[in-house]
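Here's the letter readout for the chains.
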Amino acid sequence: AQSVAQPEDQVNVAEGNPLTVKCTYSVSGNPYLFWYVQYPNRGLQFLLKYITGDNLVKGSYGFEAEFNKSQTSFHLKKPSALVSDSALYFCAVRVGGQNFVFGPGTRLSVLP
Amino acid sequence: SAVISQKPSRDICQRGTSLTIQCQVDSQVTMMFWYRQQPGQSLTLIATANQGSEATYESGFVIDKFPISRPNLTFSTLTVSNMSPEDSSIYLCSVELKKGGDTEAFFGQGTRLTVV
């Protein structure tokens with residue numbers, strides 16, 4: 001069975017500092033990995049995905065994520081955080097044509 | 001991409017009543033998905049709705065509690081029946097479109113349901 005872990009419920013970072021939101025996964029097969037962001041009173045918005053190829057994936061709003069197969073991780077990163085990045089972030093995985101499995105979410109707070 | 005509209009955006013309902021949530025997509029899609037996001041938790045898939053056939057429910061979810069309609073390729077409804085406070089959640093409609101070698105999921109803004 002597929003599963004996704006986001007070990008931190010909450011991440012706090014000062015504006016302008018780099019941020020990392022962690023994600024690890026467990027799957028049978030080759031994973032497709034995704035990051036979504038949820039702003040208050042909004043649905044989920046797609047940030048980026050890894051399907052194949054370069055392990056470093058660049059996405060929306062300056063975010064990027066690195067696929068690490070040996071560590072089964074797909075951490076989300078941004079070099080310089082903005083207050084407007086404060087939101088709930090979900091990592092998700094799917095294998096083949098199966099359904100998405102979402103992690104528990106990490107709340108990011110960027111402090112001015 | 002896909003634009004998904006959900007109605008209502010929020011509601012407060014009495015226990016024992018039912019609420020029907022509507023989901024409208026701006027393009028034709030084969031499958032539509034309904035998720036539940038309980039307070040402080042992640043998304044859990046309730047069911048997959050295909051046009052012209054009965055919805056497929058995930059473990060722990062049954063048709064009597066969450067009946068789904070899918071009358072055409074752009075619209076679906078989810079009903080939360082005989083509600084109790086434990087049904088208080090955000091309910092999200094989603095579709096998947098092929099993009100960049102895989103499918104990408106798009107979500108409505110959600111329906112925040114509070115049962116009192």
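Owing to the predicted nature of the structure, the values given are computational and were not obtained by experimental measurement. (Residues numbered from 1 in each chain as written. Chains lettered and ligands numbered in written order. Predicted model: local features only at pLDDT ≥ 70, side-chain atom pairs only at ≥ 80, totals over all residues. Heavy atoms only, no water.)

Participant: Residues and numbers for the packing of aromatic side chains, please.
Facilitator: This model, assessed by the stated rule, comprises 15 aromatic pairs over all chains. Here the aromatic rings of Tyr36 of chain A and Phe100 of chain A are separated by 6.5 Å at their centres, their planes lie at 80°, and the arrangement is edge-to-face. Residue Tyr36 of chain A is located in strand β5 (residues 31-38), and its partner Phe100 of chain A is located in the loop between β10 (87-95) and β11 (101-102); the two are separated by 64 residues in the primary sequence. Like Phe100 of chain A, Tyr36 of chain A is buried. Linked through ring pairs, Phe34, Tyr36, Phe46, Phe100 and Phe102 of chain A together with Tyr35 and Phe107 of chain B together constitute an aromatic cluster. (Phe/Tyr/Trp six-rings, centres within 6.5 Å; stacked < 30°, edge-to-face > 60°. Helix = DSSP H or I, 4+ residues; strand = E, 2+ residues; numbered from the N terminus. Buried < 20%, exposed > 50% of the residue type's maximum accessible area, 1.4 Å probe, protein only.)

Participant: Give me the side chain of Arg36 of chain B: which residues, what numbers.
Facilitator: Residues and elements named next belong to chain B. Here Arg36 is to be found in strand β4 (residues 31-37). No salt bridge forms around the buried Arg36; measuring N to O, its nearest opposite-charge neighbour Asp87 is 4.6 Å away. Ignoring sequence-local partners within four residues, the contact set of Arg36 consists of Ser42, Leu43, Thr44, Ile46, Phe61, Phe66, Ser89, Ile90 and Tyr91. (Lys, Arg positive; Asp, Glu negative; His and termini not counted. Salt bridge = Lys/Arg side-chain N within 4 Å of Asp/Glu carboxyl O. Contact = heavy atoms within 4.5 Å.)

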